[in-house]
Amino acid sequence: MSFRQDYLRSLPAVDVLLQEEPLKELAERLPRKLILQSAQEVIDSYRRCIMDAETAADLESLKIVPAELAAEAALKAESHAGTSLRAVINATGTILHTNLGRAPLPQCAVDALADTAGTYCNLEYSLETGERDSRMAHLEELLCELTGAEDALVVNNNAAAVFLVLNTLASGGEVIVSRGQLVEIGGSFRIPDVMSASGARLVEVGTTNKCYRGDYEAAINEHTALLLKVHTSNYRIMGFTREVERGDMVELGRRAGISVMEDLGSGTLLDLASPELPSEPTVPECLDAGVSVVTFSGDKLLGGPQAGIILGKKKIIDELHRNQILRALRVDKLTIAALENTLRLYFDPHTALAEVPVLRMLKREKEDLKRQATELQRLLQNELQHQQGEWEVTEGTSTVGGGAFPLAELPTYLVSFKAEGISPGKLARELRFADPPVVVRLQHDCLLMDVRTILSGQEEQIVSAMRNALDKLT
Ligand SMILES: *Cc1c(COP(=O)(O)O)cnc(C)c1O
């Protein structure tokens, strides 16, 4: 016991630490409460270390120097003071990286956020009549014009959209879905689970790989409320397969007097097909085929803010408006501002392709990627020539991510780093602590940066992050 006493007694009091230079300096910028808390945390951690020691020998290397404790506390306070949600550089090449916030917004949407966020706006107010208006007014007409839909409604995300439609149209009834379309997407959104939460009963038809028109026909009865088609947005069933065409489902629904819903998932307004990208159904295509209600995300291929877009027959959208649950799912003014401005770009497909970052990254030419990779490699080589390691440009592939184009492998260029004695994993970790943090790809024990998702102007920040990280590791 006694061997601990001397150490415990030498622990400085919080007031003593506050008199040390690093903390005195901080007191001018950061709240006192935060500094006190950090100083206390450091003292507590030393106390715990002393109490955990079993013999005097365990503590021999422990030095309690107030200036050092204060420096530790200053670092802690700085990190407590920083915000938790931060901008990061995405060097993974995955365009719709769900963990990195999916779509970076078009500049006009960013400007619109800045304009509306700090002031009042006509969210539910008609400037024409001076009376109350619906917040959906800002989006309804726009969405109808762009897609040919009869009516539109926007909620917080596509999961909410699917839930709202099922809850409104099919609660207490049956919904027929092909077994091959029982999707689970990241974050464990599962169609069967959403279905049961909505009060609808799931009726699975067909087998995993094959589903025929007759399977649906046999399942339809007086309890059937909806036929549901789910876009297999993050996987494909290949080989010996069969699905019932959209048009056939519509025809089947029409004859039985049952609505057809399609959960498109990523939902694109433009046909993005190219040699690298297989053809995906577009939103107008589904509506043209006669689907009664279509849902998709705002922050996947559309390239806007997180939102769930519901398009379809006026009668159905009216019913959705009458569901009390809608109040819990409604979007705020920031989402509306960002989405309206993203959507407006789609009036001219060329403008959308040029201005929506997701589309721009998806469509980048190989030559352009090669040029950017070569420039980044040269910059790193020149700026970091005194540090260890070799930079190389190699060819590789990017994935789209976010539950879109699951099989697409987009040819890209990567900048790779290798150095004797530097672990790529440790370097990647240091890069995550940079300001702004840089998220890279690790593959076959190699650190790779895919330039496809590196935005213009971020190269300098990458070089500086890399310089600091290598300094720490060598
Ligand atoms: C992504 C996806 C969803 C969920 O959309 P969120 O906007 O992420 O809520 C639902 N269904 C399908 C098929 C999807 O791909």
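## Some points on the sheet that holds strand β7 (residues 224-230)
Turning to step 1, where the next piece is worked out: Read from one edge of the open sheet, seven strands run β2-β10-β9-β8-β7-β3-β6, paired in mixed fashion. With one partner strand each, in any of the chains shown, β2 (151-155) and β6 (201-205) form the two edges of the open sheet. Recorded for the sheet is a direction-independent mean angle of 25° between the axes of neighbouring strands.
Turning to step 2, where the next piece is worked out: Inspection of the sheet shows strand β3 (residues 174-178) paired to β6 by five bridges, in the parallel sense. Opposite Val175, over in β6, you have Leu202 as the bridge partner.

## A look at the domain arrangement of the chain
Quoted interface sizes are often the accessible area lost when the parts come together.
Turning to step 1, where the next piece is worked out: Splitting the chain by domain gives domain 1 (2-80), domain 2 (89-98 + 362-473) and domain 3 (107-355).
Turning to step 2, where the next piece is worked out: With centres defined by C-alpha atoms, the gap from domain 2 to domain 3 works out at 35 Å.
Turning to step 3, where the next piece is worked out: Of the residues lining the interface, 14 residues belong to domain 2; the matching set on domain 3 comes to 18 residues.
Turning to step 4, where the next piece is worked out: Counting the surface lost from both domain 2 and domain 3, the interface buries some 1200 Å², and carbon and sulfur atoms represent 77% of this.
Turning to step 5, where the next piece is worked out: If you sort the residues of domain 2 by the area they bury against domain 3, Lys363, Phe405 and Pro406 come out on top, with a joint share of 43%.
Turning to step 6, where the next piece is worked out: Joining domain 2 to domain 3, the criterion identifies one residue pair in polar contact (both at pLDDT 80 or more).

## A look at the site of the ligand
Turning to step 1, where the next piece is worked out: If you check the shell around the ligand, you find 13 residues, and the closest are Ala159, Ser233, Asp263, Ser297 and Lys300.
Turning to step 2, where the next piece is worked out: Separating an oxygen atom of the ligand from a backbone N or O atom of Asn158 is a distance of 2.9 Å.
Turning to step 3, where the next piece is worked out: Within the complex, the protein chains bury 94% of what would otherwise be the 380 Å² of accessible surface of the ligand.
Turning to step 4, where the next piece is worked out: Elements supplying a minimum of two residues to the shell around the ligand: α8 (158-170) and β8 (259-265).
Turning to step 5, where the next piece is worked out: Here the residues of the shell around the ligand sort into four nonpolar, six polar and three charged.

## Focus on the nonpolar core
Turning to step 1, where the next piece is worked out: Among the nonpolar cores identified, the biggest contains 89 residues, and Ile310 and Val400 are the most heavily contacted of them.
Turning to step 2, where the next piece is worked out: Shared between two domains, this core holds at least three residues of each, these being domain 2 (89-98 + 362-473) and domain 3 (107-355).
Turning to step 3, where the next piece is worked out: With near-sequence residues (within four places) excluded, Val400 lies in contact with Thr94, Ile95, Leu96, Leu277, Leu301, Leu362, Phe405, Ala408 and Leu410.
Turning to step 4, where the next piece is worked out: Listed in part, the 29 residues of the second largest apolar core include Leu431, Leu447, Ala469 and Leu470.

## A word on the packing of aromatic side chains
Turning to step 1, where the next piece is worked out: Going through the model one piece at a time under the given rule, you end up with one aromatic pair.
Turning to step 2, where the next piece is worked out: Plain terms: the ring middles of Trp391 and Phe417 are 4.5 Å apart, the flat faces sit at 45° to each other, and that makes the pair tilted. Of this pair, Trp391 sits in strand β11 (residues 390-398) while Phe417 is found in strand β12 (residues 410-418), placing the two residues 26 residues apart along the sequence. Of the two residues, Trp391 and Phe417, neither departs from the other in class, the shared state being buried.

## Quick word on the packing of helix α19 (residues 424-432) against helix α20 (residues 459-473)
Turning to step 1, where the next piece is worked out: Packing of α19 against α20 brings their axes to within 9 Å, and their N-to-C directions diverge by 125°. Taken together, the axes of α19 and α20 lie oblique to each other. Every pair of crossing elements has a handedness; the one defined by α19 and α20 is right-handed. In this structure, α19 contributes Lys426, Leu427, Glu430 and Leu431 to the contact, and α20 contributes Ala465, Met466, Ala469, Leu470, Lys472 and Leu473.

## Observations concerning the layout of surface pockets
Turning to step 1, where the next piece is worked out: For the second largest pocket, the calculated volume is near 540 Å³.
Turning to step 2, where the next piece is worked out: The wall of the second largest pocket is formed by 24 residues, among which Lys229, His231, Thr232, Glu243 and Pro281 lie closest to the centre.
Turning to step 3, where the next piece is worked out: Of the residues contributing to the lining of the second largest pocket, the split by class is five nonpolar, nine polar and ten charged.

## Observations concerning helix α13 (residues 314-322)
Three- or four-residue spacings in an α-helix give side chains the same orientation, since the helix completes a turn every 3.6 residues.
Turning to step 1, where the next piece is worked out: Within the sequence span of α13, burial applies to Ile316, Ile317 and Leu320. Down the axis of α13, the sector holding all buried residues measures 95°, keeping them to one side. Summarising the geometry of α13, the exposed residues directed more than 90 degrees from the buried face are Lys315 and Arg322.
Turning to step 2, where the next piece is worked out: Its buried side turned inward, α13 meets β2, α8, β8, β9 (293-297), β10 (308-312) and α14 (326-329).

## A closer look at unusual backbone geometry
Only a minority of non-glycine residues have a phi that is not negative, and only a minority of peptide bonds are not trans.
Turning to step 1, where the next piece is worked out: Each neighbour pair has its own omega, and for Asp435 with Pro436 the value is 0°, a cis peptide bond.
Turning to step 2, where the next piece is worked out: Examined against the element boundaries, Pro436 turns out to sit in the loop between α19 and β13 (438-439).
Turning to step 3, where the next piece is worked out: Positive phi, normally seen in glycine, also occurs at Arg102, with a value near 55°.
Turning to step 4, where the next piece is worked out: Looking at where Arg102 falls in the secondary structure, it is placed in the loop between β1 (89-90) and α6 (107-117).

## Some points on the pattern of salt bridges
Turning to step 1, where the next piece is worked out: Under the counting rule described, the total for this entry stands at 26 salt bridges.
Turning to step 2, where the next piece is worked out: Of the charged contacts, one joins Arg132 and Glu124 as a salt bridge, the two residues approaching to 3.3 Å between their closest N and O atoms.
Turning to step 3, where the next piece is worked out: When its relative accessible area of 68% is taken as the criterion, Arg132 is described as exposed.
Turning to step 4, where the next piece is worked out: The salt bridge partner of Lys314 is Asp318, with a shortest N-O separation of 3.0 Å. With Lys314 and Asp318 both in helix α13 and four residues apart, the pair spans about one turn of that helix.
Turning to step 5, where the next piece is worked out: Residue Lys314 is classed as partly exposed on the basis of its relative accessible area of 43%.
Turning to step 6, where the next piece is worked out: On the basis of relative accessible area, Asp318 is assigned to the partly exposed category, the value being 26%.
Turning to step 7, where the next piece is worked out: If you follow the salt bridges from partner to partner, you end up with Arg213, Glu217, Asp248, Glu251 and Arg255 in one network.

## So, the sheet that holds strand β15 (residues 446-450)
Turning to step 1, where the next piece is worked out: Taken together, four strands build an open sheet; the order of strands is β11-β12-β15-β14 and the sheet is antiparallel. Whereas interior strands pair on both sides, the edge strands pair on one side only; in this sheet they are β11 and β14 (441-443). The average angle at which neighbouring strand axes cross in this sheet is 40°, direction not considered.
Turning to step 2, where the next piece is worked out: As defined by bridge partners, β12 adjoins β15 across four bridges and the pair is classed as antiparallel. Looking at β15, one finds that Val415 is bridged to Met449.

Thresholds, definitions, all that
- Residues numbered from 1 in each chain as written.
- Predicted model: local features only at pLDDT ≥ 70, side-chain atom pairs only at ≥ 80, totals over all residues.
- Heavy atoms only, no water.
- Pairing = 2+ DSSP bridges.
- Helix = DSSP H or I, 4+ residues; strand = E, 2+ residues; numbered from the N terminus.
- Axes fitted to C-alpha atoms, helices over the stretch in contact; angles between N-to-C directions.
- Domains from an automatic or database assignment.
- Contact = heavy atoms within 4.5 Å.
- Buried area = accessible area lost by both parts, 1.4 Å probe.
- Polar contact = N/O pair within 3.5 Å; in protein donor to acceptor, adjacent residues only side chain to side chain.
- Near = heavy atom within 4 Å.
- Areas by Shrake-Rupley, 256 points an atom, 1.4 Å probe, with all protein chains shown as cover.
- Nonpolar A, V, L, I, M, F, W, Y, C, P; charged D, E, K, R; others polar.
- Core = buried A, V, L, I, M, F, W, Y, C linked by side-chain atoms within 4.5 Å.
- Buried < 20%, exposed > 50% of the residue type's maximum accessible area, 1.4 Å probe, protein only.
- Phe/Tyr/Trp six-rings, centres within 6.5 Å; stacked < 30°, edge-to-face > 60°.
- Parallel < 35°, antiparallel > 145°, perpendicular 65-115°, else oblique.
- Left-handed = near helix turned anticlockwise from the far one by under 90°.
- 1 Å grid on protein atoms, 1.4 Å probe; cavity = no way out; pocket = protein on both sides within 12 Å on 5 of 7 lines; lining within 4 Å.
- Points joined across faces, edges and corners; volume = space filled by probe spheres on them.
- Arc of directions from axis to C-beta.
- Salt bridge = Lys/Arg side-chain N within 4 Å of Asp/Glu carboxyl O.

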